[in-house]
Amino acid sequence: MPDLAAEPLVIGSLVDPGGVSRAKAVPASRADAFAATGVGASPSWNVFCADDRLAFTERFSVIGDLRLRIDPAAIRDIGGGLSWGPVTVGTLGGTVAASCTRTALVRTVERLTAAGVTASVGHELEFQLFPRSEPPHGSEPPEVLSPEWSAYGFGAVVDHAAFLQGVVARARSAGLEILQLHAEWAPRQFEISLARRPPVQAADDLVLARMIVRLAARDTGFAASFSPVPIAGGASNGAHAHLSLHTAGGPLLSGGTGPHGVTDAGAAAIAGILAALPGVGAVLSGSPLSAERLRPGMWAGAHASWGLENREAALRFVAATPGTPDGANIEIKPIDASANPYLATAVVLEAALMGIETSPPLPPPVDTHSDDSAPLLPTSPEDQVARLEGSTAARRSLGPDLIEAIAAVRRMEHATWGDKRVEERVERFRFTWG
Ligand code: GLU
Ligand code: MG
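The name given to the protein chain in an unreviewed UniProt entry is Glutamine synthetase, and the organism recorded there is Microbacterium terregens. Under the Sequence similarities (unreviewed entry) heading, UniProt states for the protein chain: "Belongs to the glutamine synthetase family."

(A) Representation of the overall build of the protein chain in the model. The secondary structure content of the protein chain amounts to 12 helices and 15 strands. For 434 residues, the compact-globule formula gives about 22 Å, and the C-alpha radius of gyration of the protein chain, at 21 Å, lands near that figure. The C-alpha extent of the protein chain, read off along each of the three principal axes, is 70 × 60 × 45 Å. Classification of the 434 residues of the protein chain by burial places 58% in the buried group. Across the protein chain, every contact between residues at least 6 apart in sequence was considered, and the portion connecting residues at least 24 apart equals 72%. Accessible area of the protein chain: about 17,300 Å², with a carbon and sulfur share of 56%.

(B) The arrangement of the coordination of the magnesium ion (ligand 2) in detail. Distances from the magnesium ion (ligand 2) to its protein donors, Glu126 (OE), Glu184 (OE) and Glu191 (OE), fall within 1.8 to 2.1 Å. For the magnesium ion (ligand 2), the single-chain donor residues occur in sequence as E-x57-E-x6-E. In terms of burial, glutamate 184 and glutamate 191 fall into one category: buried.

(C) Region of the structure containing the packing of aromatic side chains. Applying the stated rule across the entire model yields 9 aromatic pairs. Pairing phenylalanine 130 with phenylalanine 431 gives two aromatic rings, centres 5.7 Å apart and planes at 80°, and the pair type is edge-to-face. Remark: phenylalanine 431 occurs in the segment after α12 (422-429) and phenylalanine 130 occurs in strand β7 (residues 118-131); sequence separation between them is 301 residues. Its relative accessible area of 21% is what places phenylalanine 431 among the partly exposed residues. Taken together, the ring pairs in this structure connect Phe127, Trp149, Phe163, Phe190 and Phe226 into an aromatic cluster. Stacked on the ring of phenylalanine 226, the Lys or Arg arginine 210 has its end atom at 5.9 Å from the ring centre. The lysine or arginine in question, lysine 420, covers the ring of tryptophan 417, its NZ or CZ lying 5.9 Å from the ring centre.

(D) Molecular detail of helix α11 (residues 392-417). Helix length check: α11 (26 residues) gives 28 Å between terminal C-alpha atoms against 38 Å at 1.5 Å per residue, more than 12% under. Considering bend angle alone, the principal kink of α11 is centred on glycine 399 and spans about 105°; proline proline 400 follows within four residues of it. For α11, the side-chain oxygen to backbone nitrogen distance between the N-cap and alanine 393 is 3.4 Å, and the N-cap itself is serine 391.

(E) Here's a closer look at the site of ligand 1. Taken together, the residues surrounding ligand 1 are Glu126, Glu184, Glu191, Ser236, Asn237, Gly238, His240, Arg293, Met298, Trp299, Ala300 and Lys333. Histidine 240 places a side-chain nitrogen or oxygen 2.7 Å from an oxygen atom of ligand 1. Here an oxygen atom of ligand 1 sits 2.7 Å away from a polar atom, N or O, in the side chain of arginine 293. In isolation ligand 1 has 300 Å² of accessible area, and contact with the protein removes 91% of it.

(F) Highlighting the nonpolar core. In this structure, Phe127, Phe163, Leu243 and Leu398 are the most contacted members of the largest nonpolar core, which totals 93 residues. The leading source of residues in this core is helix α5 (residues 199-219), at 13 residues. Among residues more than four places away in sequence, those in contact with phenylalanine 127 are Phe163, Arg188, Gln189, Phe190, Ile192, Val213, Ala224, Ser225, Phe226 and Asn237.

(G) Local environment of the pattern of salt bridges. A complete count under the given rule lists 26 salt bridges for this structure. Its salt-bridge partner being aspartate 16, residue arginine 22 comes within 2.7 Å of it at the nearest N-O pair. Across this residue pair, the class does not change: arginine 22 and aspartate 16 are buried. Between aspartate 383 and arginine 387 there is a salt bridge, with its nearest N and O atoms 2.9 Å apart.

(H) The pairing of strand β15 (residues 329-332), seen in detail. Residue alternation in β15 divides its side chains into two sets, Asn329 and Glu331 and Ile330 and Ile332, and both sets are buried. Pairing of strand β11 (residues 241-247) with β15, which is carried by 3 bridges, proceeds in the antiparallel orientation. Each bridged residue has a counterpart across the sheet, and for histidine 242 the counterpart in β15 is glutamate 331. One ladder, built from 4 bridges, connects strand β14 (residues 313-318) with β15; its direction is antiparallel. Bridge pairing in β15 links leucine 315 to isoleucine 332.

The rules behind each value
Residues numbered from 1 in each chain as written. Chains lettered and ligands numbered in written order. Predicted model: local features only at pLDDT ≥ 70, side-chain atom pairs only at ≥ 80, totals over all residues. Heavy atoms only, no water. UniProt positions renumbered as here; feature names shortened; annotations may be inferred. Helix = DSSP H or I, 4+ residues; strand = E, 2+ residues; numbered from the N terminus. Rg over C-alpha atoms; globule rule 2.2 N^0.38 Å. Buried < 20%, exposed > 50% of the residue type's maximum accessible area, 1.4 Å probe, protein only. Contact = heavy atoms within 4.5 Å. Areas by Shrake-Rupley, 256 points an atom, 1.4 Å probe, with all protein chains shown as cover. Donors = N, O, S within 2.8 Å, 3.2 Å for Na, K, Ca; no water. Phe/Tyr/Trp six-rings, centres within 6.5 Å; stacked < 30°, edge-to-face > 60°. Lys NZ or Arg CZ within 6 Å of the ring centre and 35° of its normal. Expected span 1.5 Å × (residues − 1). Bend = angle between axes of the 7 residues up to and from the residue. Polar contact = N/O pair within 3.5 Å; in protein donor to acceptor, adjacent residues only side chain to side chain. Near = heavy atom within 4 Å. Core = buried A, V, L, I, M, F, W, Y, C linked by side-chain atoms within 4.5 Å. Salt bridge = Lys/Arg side-chain N within 4 Å of Asp/Glu carboxyl O. Pairing = 2+ DSSP bridges.

Given below as structure tokens:
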């Protein structure tokens, strides 16, 4: 009997426009063909809702076929015979499909590069572990607060060391750089920070890291939930992204004369992102659970503002200090794990570029914590979709095909789930993302 656990398997995955990861796998002997000719997928992959209903549109139906091609340069060994790589979505004719979400980010980065700006992104993962012992996933949710758990607790790290070691071992095998791991606020909720990378590689790293967390959780008897709200009434899971911007002249977010040391171009980039955020909620946090998280008091950045180390502001400014050796950055907090990380990064970078091009005024930073210190970001699905269809940052970075797909998916998700109780939505989507 061969060693089944070590049989080489190559998994290629994409994140669909609605934010769910989908995959095809091939025997390792077929890896070259996966890269060269690709494997087939129905155009319906573009319009899957989070619950796997299909939001068909004129452009996206059951007719036709796509080719998924794994990026051979990005394939990583994640241990136990498994390799993983991101796929590009192509047409049968060999061109890249307009709905390829990774390519949308590639193109936005090219526009930024042409403007002389280099971006780097460091993603964070938050997730909660659930025992797998009882079907379907050991569904007794942990208490919202527990005497056995302290937020950021030492005991939590020690008690779950086997899980954390599994994550670190697989990450090392895959060449994934983890900066830190810690216990979060809710029982069995953890956070992992990834090293900053060029934007496309950073999004690839995030997808890879979520898969590694999933595998390490499974190895130790758990299932990992990345859901924005894994337990009704409990803590939320964010998917914050730290963004740094540079030109040949140096960093844009430090060394200048603007507020907190930003340069003129840095201020323009922040202003551009701030102005665009209300228009891209359907991309950053548009799932049937996202509005339950994007609220004041959740540290989710529900306010349309920016501020120095302000965890209630959508853009938390992290200044360059001896404690931040990688320099200044802005943390984009409204993003949750139901967002497609390629599209979320693309709309944010496009908005930064639009800011740099037009230099809109930067509102003053908000350094208070009152609920009325700044307006809230829109969370109603109808509002988010209408704004997405009118968003210049979305039009420029995503194009009409992706906007059509996202709008159709969000509308159907809302029609199906909008009037359901939060408990029902939480149960249904606990393990959808990641
Ligand atoms: N869990 C919070 C969220 O949903 C973030 C907490 C933190 O700032 O680390 O975004
Ligand atoms: Mg956190």
